[in-house]
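These are the residues of each chain, in order.
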Amino acid sequence: MTKLSVNINKIATLRNARGGNIPDVRLAAINCQRFGADGITVHPRPDERHIRYSDVYEIRPIITTEFNIEGYPSEKFIELVLSVKPHQVTLVPDPPGAITSNAGWDTRTHYSYLKEIIAVFRGAGVRTSIFVDPDQEMIEYASLTATDRIELYTEPYARMFKTDPAKAIEPYIMAAEKARELGLGLNAGHDLNLKNLKFLSKNIPYLDEVSIGHALISDAIYYGLENTIQMYKRQLAG
Ligand code: PXP
């Protein structure tokens, strides 16, 4: 079954808005796992406006599921991942000031660069994933870097889903088939929510993992964290 990795960046954003330690990010990670999350995702950015590098170190020892660190592979990020040794690292091409990730890698242009970094992480025993658009050529080049997985950028799916779900899912089914044909593991994420997740999951049943932050943490305000995580898991259960 597709695993649900909860991105807890938004918990850190809320904490940082006030200073102090409420809500407690470490406790949130413990509880997400207790409530059924199959993994925890963090996305430290250079300005540390959400998750801080120190949070990542503090969270590591309490992870009983799968820890996924995503981000742009700056020198500092690479150092962090090699020292924390999560189960998975997801490489994202977001520039330092970006509000959120808004595109996949151009794996053709950055092929040599990605291949080098992938080798470093795989050499350290960390599973790798590259964030890409659902584009056949980008997936082929990703595969040439020897990455273990790709993560499909689902924002365009989420946007079009509202008006034309069948059309929205089409490139993602093709991308998923391509990934499978190339022997790549498959993750997906961005703007997935309680409305669009089931349709994605039904159409791509062999997705390994989805990572969800913004909508899930927002839903938790109304439904509570435990209930919300269970609601998302039910979407993945078919
Ligand atoms: N996957 C990647 C690579 C991301 O950068 C993000 C956002 O940090 C997500 C998944 C989660 O997106 P959302 O917060 O919209 O669920």
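In this report, we go over the structure that sits alongside the text. Since we're looking at a predicted model, the values are computed, not measured.

**What about the overall build of the protein?**
Helices and strands together make up the secondary structure of the protein, namely 11 helices and eight strands. Its C-alpha radius of gyration of 17 Å places the protein within 12% of the 18 Å reference for a compact globule of 238 residues. Seen through its principal axes, the protein has C-alpha atoms that stretch 45 × 40 × 30 Å. When the 238 residues of the protein are sorted by exposure, 51% land in the buried category. Surface exposure of the protein reaches about 10,800 Å², of which carbon and sulfur atoms provide 53%. For the protein, the distance from the average site of its 27 positive side-chain charges to the average site of its 29 negative ones is 5 Å.

**A closer look at the pairing of strand E6 (residues 149-153)**
Extensive coverage of E6 is indicated by the burial of five of its five residues. Of the two faces of E6, the one holding Arg 149, Glu 151 and Tyr 153 and the one holding Ile 150 and Leu 152 are both buried throughout. Note: E6 against strand E7 (residues 185-189), five bridges, orientation parallel. Counterpart to Tyr 153 in the pairing with E7 is Gly 189.

Cut-off values and rules
Residues numbered from 1 in each chain as written. Predicted model: local features only at pLDDT ≥ 70, side-chain atom pairs only at ≥ 80, totals over all residues. Heavy atoms only, no water. Helix = DSSP H or I, 4+ residues; strand = E, 2+ residues; numbered from the N terminus. Rg over C-alpha atoms; globule rule 2.2 N^0.38 Å. Buried < 20%, exposed > 50% of the residue type's maximum accessible area, 1.4 Å probe, protein only. Areas by Shrake-Rupley, 256 points an atom, 1.4 Å probe, with all protein chains shown as cover. Lys, Arg positive; Asp, Glu negative; His and termini not counted. Charge placed at Lys NZ, Arg CZ, Asp CG, Glu CD. Pairing = 2+ DSSP bridges.

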